[in-house]
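# Analysis of the macromolecular model
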Amino acid sequence: MVMSCFVGVATVWGAGPEQRGASAAEATNGEQIYQRYCKMCHAMMPPPKIAPPIKGLARHYREAFSEKEAAVDHMVAFMQKPDPAMSKCRPQAVERFGLMPAMTIAENKLRSVSEWVWEQYDPKLRHHHHGEGGAH
Ligand code: HEC
């Protein structure tokens, strides 16, 4: 009687932490998704390495869209199927870095990371395109 009760409790506890552990390891918030899937190409701040920095992307998207919702929709669509015609960066960006490869991660992750990118806008970084003729 006492024994079977203990086994029952042990089974419940055995399943619990394992499930919690798995969901904690998933990258769910925008910044974690960035760290895992985007950081190898996109640095946070200029100077750019192999892709435009996040702060610059945020600025271009703030200039191109007044609504966060529309900007996020556009970023998600772009990442699923990058197309130079859809680029909100200057044409030189695609020429200089090449087109971004399509992202195959879940759409809800692309959405969280796009929302996070939008929030990285920093008004102090308005004039960082040095030595490129000042064209934005
Ligand atoms: C293998 C390198 C690579 C990875 C990984 C990568 N990117 Fe990019 N990304 C690029 C390059 C190169 C460009 C610039 C050319 C272009 O716009 O396609 C770019 C452009 C972009 C743009 C601008 C699109 C536009 O309007 O032109 C956004 C937004 C973006 N990346 C977001 C992300 C996010 C978010 C992730 C992670 C989920 C990510 N990228 C992962 C290389 C990468």
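I will try to describe carefully the structure that is included in this document. This is a predicted model, so every value here is computed, not measured. (Residues numbered from 1 in each chain as written. Predicted model: local features only at pLDDT ≥ 70, side-chain atom pairs only at ≥ 80, totals over all residues.)

## Looking at helix H2 (residues 30-38)
Since the α-helix advances by 3.6 residues per turn, residues separated by three or four positions end up pointing in the same direction. Among the residues making up H2, those that are buried are Gly 30, Ile 33 and Cys 38. Each buried residue of H2 sits inside an arc of 75° when the element is viewed along its axis, so together they form one side. Check the buried side of H2 and you find it contacts helix H6 (107-119). (Buried ≥ 20, exposed ≤ 12 C-beta atoms within 10 Å, placed from the backbone. Helix = DSSP H or I, 4+ residues; strand = E, 2+ residues; numbered from the N terminus. Arc of directions from axis to C-beta. Contact = placed C-beta atoms within 7 Å.)

## Concerning the environment of Ala 58
Relative to the helices and strands, Ala 58 is located in helix H3 (residues 54-64). Its 19 C-beta neighbours within 10 Å are what place Ala 58 among the partly exposed residues. In this structure, the C-alpha to C-alpha distance between Ala 58 and Ala 71, residues 13 residues apart in sequence, is 9.7 Å.

## A closer look at the site of the ligand
Looking at the ligand, there are 25 residues lining it, with Cys 38, Cys 41, Ala 51, Ser 87 and Met 100 nearest. Tallied by class, residues from the shell around the ligand come to 21 nonpolar, three polar and one charged. (Near = placed C-beta within 6 Å. Nonpolar A, V, L, I, M, F, W, Y, C, P; charged D, E, K, R; others polar.)

## Some details on the nonpolar core
Formed by Ile 33, Cys 38, Ile 54, Leu 57, Tyr 61, Ala 71, Val 72, Met 75, Met 79, Leu 110, Val 113 and Val 117, the largest nonpolar core amounts to 12 residues. Listing elements by their share of this core, those giving two or more residues are H2, H3, helix H4 (68-80) and H6. Per-element accounting of this core gives the leading share, four residues, to H4. If near-sequence neighbours (up to four positions away) are discounted, Tyr 61 is found in contact with Ala 71, Met 75, Lys 88 and Trp 118. (Core = buried A, V, L, I, M, F, W, Y, C linked by C-beta atoms within 7 Å.)

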